[in-house]
Amino acid sequence: MLLRGGTLVHLHPPALARADLRIEGDTIVARAARLAPKPGEAVEDCRGRLILPGLVCAHTHMYSALSRGMPSPATAPASFPEMLARVWWKLDQALTEEAIYYSAMVGAVEAVRAGTTTIVDHHASPNAIPGSLDIIREALGVVGVRGVLGYEVTDRGGIRRRDAGLAENDRFLTATRTDTQFRGLVGAHASFTLRESCLAALGDLARYHRVGVHIHVAEAKDDDARTRRAYGTGIVDRLERHGLLNDRAVLAHGVHLTKRDIARVTSAGAWLVHNPRSNMNNAVGHAPIETFGERAALGTDGWPADMLAELRFAHFREREHLGLRRAYPTAALLQGGQALASEAFGVPFGSLSPGSAADLVVCDYVPPTPLTAANLAGHLIAGVQAQTLTGVMAAGRWVCRNGVPVNIDVVAVYGRARQLAATLWRRVRG
Ligand SMILES: [Zn+2]
């Protein structure tokens, strides 16, 4: 396939260039100012359009998709730990295999509509653990999006469930070792719900499969406080002790890490994933992303995987925090997610150049003001939105055209999702 005449965007450092792209299979094979079509080759006219590399959601929980509009508990949670206990841990316990499938479908549909072609998911379903990652894989596969999946291991449900979670990660990592559309990480909930023996087992699993852990770190203040009370040491100390602090680790949030701990995390090369909408919605505080360094990415933590929307929240939250005289390059977080995906799959994402994954977004954005590399961030934040996307490609195939996912019947999927959500809410209340 030949994409002709588009303006190719590199998100960070920002760059724009008009060029043709040739795609063969799941890879970009050529880029030049002018490529002659080969006989029989499909040609897509992209003149006047922006082409962005496919976006990556570096931390989310797709099972949250069926919680939209769910009634609040009778007594509103007063803190993040109460929110976990009264809402999220009830929701994940109520998930059935069908609910997992449809929540992943809805999550994947929302992702591709917003130009997100890779989702790093952190899954929990304590009453449906074995095979749960395969259910998500199947749903994402139908929609056509890529996934980096992990099961959220925890000690909060007892030994049997803990071991089932470890086994599910192990099974999925083995099954996807050389997969081109799905890879795994070792999922783990958060330090305060993980005993020493469990962290040791997670460390063994990560070393065996040569992948990182994907874990919530210092999301709310109490993760650190409860860790210190129970284990007499800090979160980062514990990760380090069990060999989990390395350049493969994906640490979500980091809101309450100390400067010293952030320095240890960044020098270890671990990924820090910022989730501004979730942080604000849960009132956990401001994440000091200006200290996160280069290995920082953007996640949605259960909100729809619309990275351009999340970018705007990151921008405004950071602007409010830093004041007018300092600026943080939030678009770098999008590039960070693409670098994270590159490492997970062992193929370049995030650059529209030969040899890179053919994951891209065609955007019918007509700038009403001059658009240059220098002001790209301003256009991304104020103008380029999911509604302007005309084509979303993952692994060399169109998965969404003009807001319509091409591989599924959205009305039917959402209809079944609504039925399942109603049942799920009754189970959560019950
Ligand atoms: Zn999360």
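Before going further, it helps to examine unusual backbone geometry. Here the residue pair His12 and Pro13 is connected by a cis peptide bond, since its omega of -10° sits within 30 degrees of zero. Tracing the backbone through its elements, the reader meets Pro13 in the loop between strand S1 (2-10) and strand S2 (15-24). The phi angle at His253 is positive, at roughly 85°, despite the residue not being glycine. Looking at the secondary structure, you find His253 in strand S12 (residues 250-253).

A few words on the coordination of the zinc ion. Looking at the zinc ion, one finds its protein donor set to be His59 (NE2), His61 (NE2), His216 (NE2) and Asp301 (OD), positioned 2.0 to 2.1 Å from the metal centre. Taken together, the four donor atoms surrounding the zinc ion define angles of 89 to 163° at the centre, an arrangement classified as irregular. Read in sequence order, the donor residues coordinating the zinc ion give the pattern H-x1-H-x154-H-x84-D. Placement of the pair is His61 in the loop between strand S6 (55-60) and helix H1 (80-94) and His216 in strand S11 (residues 213-217), with a sequence separation of 155 residues. In terms of burial, His61 and His216 fall into one category: buried.

So, about empty space enclosed by the protein. In this structure the tally under the stated criterion is two cavities of 30 Å³ or more. Looking at the largest cavity, its volume works out to about 90 Å³. Lining the largest cavity are 14 residues, with Met62, Gly107, Gly302, Trp303 and Pro304 sitting closest to its centre. Class assignment of the residues belonging to the lining of the largest cavity gives a composition of six nonpolar, six polar and two charged. Of the pockets and cavities examined, the second largest cavity occupies roughly 40 Å³.

In this section: H1. Along an α-helix, a turn takes 3.6 residues, which lines up residues three or four apart on a common side. Over its 15 residues, H1 runs 20 Å from end to end, which matches the ideal 21 Å to within 8%, given 1.5 Å per residue. Of the surrounding secondary structure, the elements contacted by the buried residues of H1 are strand S10 (186-190) and helix H13 (410-429).

Attention now goes to the packing of H1 against H13. Where H1 meets H13, the closest approach of the two axes is 9 Å, and the angle between their N-to-C directions is 120°. Considering the angle they form, H1 stands oblique to H13. Judged by the twist between their axes, the crossing of H1 over H13 is right-handed. Residues Lys90, Leu91, Gln93 and Ala94 of H1 form the contact with H13, whose own contacting residues are Leu424, Arg427 and Val428. Here the residues of the contact of H1 with H13 are counted per class, giving four nonpolar, one polar and two charged.

Our focus in this paragraph is the pattern of salt bridges. Should their charged atoms come close, side chains of opposite charge can pair. Taken as a whole and assessed by the stated rule, the structure comprises 28 salt bridges. One salt bridge in this structure joins Glu110 and Arg68, with 2.9 Å as the shortest N-O distance. Of the two residues, Glu110 is situated in helix H2 (residues 97-113) and Arg68 in the loop between S6 and H1; the sequence distance between them amounts to 42 residues. Take Glu110: its relative accessible area is 16%, and that puts it in the buried class. When salt bridges with common partners are traced through the structure, they connect Asp237, Glu240, Asp261 and Arg264 into a single cluster.

Looking now at the pairing of S12. One ladder, built from four bridges, connects S11 with S12; its direction is parallel. By the bridge assignment for S12, Ile215 is matched with Leu251. Considered for its hand, the β-α-β crossover made up of S12, helix H8 (residues 259-268) and strand S13 (residues 271-274) is right-handed.

Across the sheet, which stays open at both edges, the four strands sit in the order S6-S7-S8-S9 with parallel pairing between neighbours. Two strands close off the open sheet at either side, each with one partner strand: S6 and strand S9 (182-184). The sheet shows a mean angle of 15° between the axes of neighbouring strands, direction not considered. Pairing of strand S8 (residues 146-151) with S9, which is carried by three bridges, proceeds in the parallel orientation. Counterpart to Val148 in the pairing with S9 is Arg183. Along the sheet, helix H4 (residues 159-175) contacts S8 and S9; its crossing angle with S8, the most-contacted strand, is approximately 150°.

In this section: the nonpolar core. Leu140, Leu202, Leu251 and Leu380 are the most contacted members of the largest nonpolar core, which totals 113 residues. Considering every element that reaches this core, the biggest residue donor is H2, with eleven residues. Setting aside its immediate chain neighbours within four residues, Leu380 contacts Leu11, Leu52, Leu308, Leu311, Arg312 and Ala331.

Take the packing of aromatic side chains next. Applying the stated criterion to the full structure yields two aromatic pairs. Both rings, one in Tyr101 and one in Tyr102, keep their centres 5.3 Å apart while their planes meet at 80°; by these two values the pair is edge-to-face. Take Tyr101 and Tyr102: they sit in the same class, and that class is buried. Over the ring of Tyr231 we find Arg238; its NZ or CZ atom is 3.5 Å from the centre of that ring.

Within a sheet, neighbouring strands are paired by backbone hydrogen bonds and run either parallel or antiparallel to one another. Pairing within the open sheet is parallel, and its five strands lie in the order S10-S11-S12-S13-S14. Each edge of the sheet is formed by a strand with only one pairing partner; in this case those strands are S10 and strand S14 (296-298). Taken pair by pair, the neighbouring strands of this sheet meet at an average axis angle of 25°, ignoring direction. By the bridge criterion, three bridges tie S13 to S14 in an arrangement that is parallel. Considered in S14, the bridge of Val273 is made with Ala297. Each of S12, S13 and S14 is contacted by helix H11 (residues 331-345), which is oriented at about 100° to S14, the strand it contacts most.

Definitions and limits used
Residues numbered from 1 in each chain as written. Predicted model: local features only at pLDDT ≥ 70, side-chain atom pairs only at ≥ 80, totals over all residues. Heavy atoms only, no water. Helix = DSSP H or I, 4+ residues; strand = E, 2+ residues; numbered from the N terminus. Donors = N, O, S within 2.8 Å, 3.2 Å for Na, K, Ca; no water. Tetrahedral: all angles 85-135°; square planar, octahedral: opposite > 155°, others 65-115°. Buried < 20%, exposed > 50% of the residue type's maximum accessible area, 1.4 Å probe, protein only. 1 Å grid on protein atoms, 1.4 Å probe; cavity = no way out; pocket = protein on both sides within 12 Å on 5 of 7 lines; lining within 4 Å. Points joined across faces, edges and corners; volume = space filled by probe spheres on them. Nonpolar A, V, L, I, M, F, W, Y, C, P; charged D, E, K, R; others polar. Expected span 1.5 Å × (residues − 1). Contact = heavy atoms within 4.5 Å. Axes fitted to C-alpha atoms, helices over the stretch in contact; angles between N-to-C directions. Parallel < 35°, antiparallel > 145°, perpendicular 65-115°, else oblique. Left-handed = near helix turned anticlockwise from the far one by under 90°. Salt bridge = Lys/Arg side-chain N within 4 Å of Asp/Glu carboxyl O. Pairing = 2+ DSSP bridges. Right-handed = clockwise from strand over helix to strand, strands pointing away. Core = buried A, V, L, I, M, F, W, Y, C linked by side-chain atoms within 4.5 Å. Phe/Tyr/Trp six-rings, centres within 6.5 Å; stacked < 30°, edge-to-face > 60°. Lys NZ or Arg CZ within 6 Å of the ring centre and 35° of its normal.

Function cannot be inferred from these measures alone, as they are strictly geometric.
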